[in-house]
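Below, each chain spelled out in residue letters.
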Amino acid sequence: MHKIVFQNPDGRPKPAIAETYTSIISANISEIKCKTHGKSVVFKLVFNAPNIYLVEITACCDEFKAIINDKVAQMLS
């Protein structure tokens with residue numbers, strides 16, 4: 001699972017940060033479909049107090065999930 005760590009003195013979720021990263025990730029992976037099953041990936045950002053958003057990826061198969069994990073890792077590095 002990928003982590004987005006940010007400054008967060010009050011420890012509350014930051015919807016603007018989640019929206020920004022969701023938009024960036026979605027723009028980069030929304031067109032990618034599984035070559036075996038023809039399905040798209042689903043992901044969401046989950047807030048983990050006090051200062052982390054976790055990127056949870058759900059895919060139709062482990063091979064496709066690994067491809068998407070690599071893409072997301074490249075985006076976040």
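Reference entry: report on the structure contained in this document.

Rules of the game
Residues numbered from 1 in each chain as written. Predicted model: local features only at pLDDT ≥ 70, side-chain atom pairs only at ≥ 80, totals over all residues. Heavy atoms only, no water. Pairing = 2+ DSSP bridges. Helix = DSSP H or I, 4+ residues; strand = E, 2+ residues; numbered from the N terminus. Expected span 1.5 Å × (residues − 1). Contact = heavy atoms within 4.5 Å. Buried < 20%, exposed > 50% of the residue type's maximum accessible area, 1.4 Å probe, protein only. Core = buried A, V, L, I, M, F, W, Y, C linked by side-chain atoms within 4.5 Å. Arc of directions from axis to C-beta.

1. Focus: the pairing of strand β2 (residues 42–48)
For step 1, the next point in the chain: Relative to strand β3 (residues 52–58), β2 is paired through seven bridges, and the arrangement is antiparallel. Bridge pairing links Leu45 to Val55 in β3.

2. Some details on helix α1 (residues 15–29)
For step 1, the next point in the chain: With 15 residues, α1 extends 21 Å between its outermost C-alpha atoms, agreeing within 8% with the 21 Å of an ideal straight helix rising 1.5 Å per residue.
For step 2, the next point in the chain: Looking at the packing, one finds that the buried side of α1 touches β2, β3 and α2 (62–76).

3. Quick word on the pairing of β3
For step 1, the next point in the chain: With respect to burial, β3 is a largely interior element, five of its seven residues being buried.
For step 2, the next point in the chain: One ladder, built from four bridges, connects strand β1 (residues 2–5) with β3; its direction is antiparallel. Paired with Ile4 across the bridge in β3 is Tyr53.
For step 3, the next point in the chain: Connecting β2 to the antiparallel partner β3 that follows it, the hairpin turn spans three residues.

4. Some thoughts on the nonpolar core
For step 1, the next point in the chain: Membership of the largest hydrophobic core comes to 16 residues, with the highest contact counts inside it found for Ile25, Leu45, Val55, Ile57 and Ile68.
For step 2, the next point in the chain: For this core, the secondary structure elements donating two or more residues are α1, β2, β3 and α2.
For step 3, the next point in the chain: Beyond its immediate sequence surroundings of up to four residues, Leu45 is in contact with Ile4, Ala18, Tyr21, Thr22, Ile25, Tyr53, Leu54 and Val55.

5. A short note on the environment of Val41
For step 1, the next point in the chain: Mapping Val41 onto the fold places it in the loop between α1 and β2.
For step 2, the next point in the chain: As for Val41 and Ser30, which are separated by eleven residues in sequence, their C-alpha atoms are 7.5 Å apart.
For step 3, the next point in the chain: Contacts of Val41, omitting those with residues within four sequence positions, involve Ile29, Ile57, Thr58, Ala59, Phe64 and Ile68.

6. Looking at α2
For step 1, the next point in the chain: A rise of 1.5 Å per residue sets the reference length of α2, with its 15 residues, at 21 Å; its end C-alpha atoms lie 21 Å apart and thus fit the reference within 8%.
For step 2, the next point in the chain: The complete set of buried residues in α2 reads Phe64, Ile68 and Val72. One side of α2 holds all its buried residues, which, seen down the axis, span an arc of 70°. Facing away from the buried side of α2 by over 90 degrees, the exposed positions are Asp62, Glu63, Asp70 and Gln74.
For step 3, the next point in the chain: Tucked inside the fold, the buried residues of α2 contact β1, α1 and β3.

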